Amino acid sequence: MESLSNKRKVIESKPLNFWERAYLPAIIQGLSITMKHFFRKPVTISYPEQKREFSENFRGMHSLKRDENGKERCTACGLCALSCPAEAITMIAAERQKGEENLYREEKYAAVYEINMLRCIFCGLCEEACPKEAIYLDGDIVPADYLRKDFIYGKDKLVEPPLNQ
Amino acid sequence: MGTADILIRFALIVIIFLISLVVAMYSTYAERKIAAFFQDRVGPNRAGPFGLLQPLADGAKMFLKEEIIPANASTFLFIAGPSLAILTACIGSAVIPWGQKLTIGTRVIDLQVTDINVGILYIFGVVSLGVYGVMIGGWASNNKYSLLGAIRAASQNISYEISMGLSIIALLMMTGTLSLREIAEQQHGFWSHGWFTWNFFRQPLGFLIFIVCAFAETNRTPFDLPECETELIGGYHTEYSSMKLGFYLFSEYINMFISSAVMATLYFGGYNFPFMHHLGLSDNWVTILGVIALFTKIFLFIFFFMWVRWTIPRFRYDQLMDLGWKVLIPLAIANIVLTGVVSTGLKYFGF
């Protein structure tokens, strides 16, 4: 019967000759190949000291941005939390008081803003959802830690440092 | 033999014991480092400069780990296994001549613990005892994988000891002595009477058989079937933990060191190096350089062991037995016959 694809390949199987059966030439060939690798430069990047360059669209740790006057952009609208497929973001909104105009851009701001880095999948949907251009995933890799509770990042870790300091 | 002699002998034993432990310790480091280089990696480099303190860290870890003796294991044999393994690994170094005589004042110090006239037989006895540690440990663990590993180790070592012995017989036909000191002395220098003095150039086939068997006896790749992780978890030391596991791993490296020393002594001139008596140095300096030469040879052999480990994959069990019984033993016997014919012929034609 003819095979379906008609692409049958006939494999030639010659019996091994004496030197092939003696193993030794093959072993010496193998040893020379590994020896070549012995003198090759290692491809390792020793991570904490050396870092691989990130690509243009790398998404790392979140940062909450400030505007050009150093005021927090976030208005606690909750769109990022809504768009988050991993439900990693929570926030509590608060009203801006008199005298805080230099801290928050609009009348409403996020008093508490938490991202659970163990839940976050770094999809970037919060970045896309934000109408105020307040959140960006432009940071580094999230560092390792010992306790689960330490992976819930609050405003102390997320908000950009003030401009003129 | 005065008290001073005994003290010197004792000091020599302690020094050799310490050296074999240190060499074994740093062999683990070298193994990891060399493996890394062969695989284009960096290897351990965090503990100390270049990771040089890594063996100490590993040792400390081994000591501090929890010691587990399985409920169904035979406690006495379970402890006896690794103890025997490390004991037999260490006592092999007693007959190896580490150097020529050292003269301090009027005292002549022999750099060899004991020069018994059946040195090679002693080495063989010790090597065959080595399998007991593995066998007892594997049996006492009461675990299928351990038992399989132990059985493999036993049959493998017994099979390869035969061809190892046969390859040595051909060598002994040329040297006419069993004492390692005399064999080393016969290979004096590098070149005399128009031919190399080292036994490797008189017994290349014998050396090939010997080194293959040495790989098998020390359970090194490609003959590491007794402890192959992929098939038998850990082989005979599956159930072991803490320093008892450390003893097994350690004895493997000491075995490697001792068998390298034996190979260097039997086939590569031991402490002899080229032009050793044309440099115009005093005898003591020649001795010291000779010790360095011997250790260089040993380290090269250890490197070769590791080089082969990261090159050749493991044998299948039937291939292992095929190689041992159908190839190496006939080859070794042919080597004996060839040696006899050639040496008689050379004598007959007056060389």
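Computed from a predicted model, the values in this text were never measured in an experiment. (Residues numbered from 1 in each chain as written. Chains lettered and ligands numbered in written order. Predicted model: local features only at pLDDT ≥ 70, side-chain atom pairs only at ≥ 80, totals over all residues.)

Draft legend 1. Just the overall build of chain B, in detail. Each helix and strand in chain B was counted, giving 11 helices and 4 strands. For chain B, the spread of C-alpha atoms along the three principal axes comes to 65 × 50 × 45 Å. Considering chain B as a whole, with its 351 residues, one finds that 42% of them fall into the buried category. Considering only contacts within chain B whose residues lie at least 6 apart along the sequence, 78% involve residues at least 24 apart. (Helix = DSSP H or I, 4+ residues; strand = E, 2+ residues; numbered from the N terminus. Buried ≥ 20, exposed ≤ 12 C-beta atoms within 10 Å, placed from the backbone. Contact = placed C-beta atoms within 7 Å.)

Draft legend 2. Highlighting the packing of helix 7 (residues 204-217) of chain B against helix 11 (residues 317-348) of chain B. All names here are of chain B. As a packed pair, helix 7 and helix 11 sit with axes 10 Å apart at the nearest point and diverge in direction by 150 degrees. The angle between the axes of helix 7 and helix 11 places the two elements in the roughly antiparallel class. Read as a crossing pair, helix 7 and helix 11 show a hand that is left-handed. Touching Leu205, Gly206, Ile209, Val212 and Cys213 of helix 7 are Leu328, Leu331, Ala332 and Asn335, all from helix 11. Residue composition of the contact of helix 7 with helix 11, grouped by class: 7 nonpolar, 2 polar and no charged. (Axes fitted to C-alpha atoms, helices over the stretch in contact; angles between N-to-C directions. Parallel < 35°, antiparallel > 145°, perpendicular 65-115°, else oblique. Left-handed = near helix turned anticlockwise from the far one by under 90°. Nonpolar A, V, L, I, M, F, W, Y, C, P; charged D, E, K, R; others polar.)

Draft legend 3. Fine view of the interface of chain A and chain B. In this assembly, 11 residues from chain A lie in contact with 10 residues from chain B. Residues that form the side of chain A that touches chain B fall into these classes: 5 nonpolar, 5 polar and 1 charged.

Draft legend 4. Here's a closer look at the packing of helix 4 (residues 119-140) of chain B against helix 5 (residues 144-175) of chain B. Residues and elements named next belong to chain B. Running from amino to carboxyl end, helix 4 crosses helix 5 at an angle of 170 degrees, the nearest separation of the two axes being 7 Å. As far as their axial angle goes, helix 5 and helix 4 are roughly antiparallel. Judged by residue contacts, Ile120, Phe124, Ser128, Val131, Val134, Met135, Gly138 and Trp139 of helix 4 engage Ser146, Leu147, Gly149, Ala150, Ala153, Ala154, Asn157, Glu161, Gly165 and Ile168 from helix 5. Residue classes in the contact of helix 4 with helix 5 are distributed as 11 nonpolar, 6 polar and 1 charged.

Draft legend 5. Quick look at helix 2 (residues 24-38) of chain A. Taking 1.5 Å of rise per residue, the 15 residues of helix 2 of chain A would be expected to cover 21 Å, and the 21 Å separating its terminal C-alpha atoms lies within 8% of that figure. Helix 2 of chain A sits mainly on the outside: 0 of its 15 residues count as buried. (Expected span 1.5 Å × (residues − 1).)

Draft legend 6. Representation of the sheet that holds strand 2 (residues 89-95) of chain A in the model. Residues and elements named next belong to chain A. With respect to topology, 3 strands assemble into an open sheet ordered 2-3-5, the strand pairing being antiparallel. One side of each edge strand has no neighbouring strand; the edge strands of this open sheet are strand 2 and strand 5 (152-153). Where strand 3 (residues 108-116) meets strand 5, 2 bridges bridge the pair, whose relative direction is antiparallel. Bridging across to strand 5, Asn116 finds its partner in Ile152. (Pairing = 2+ DSSP bridges.)

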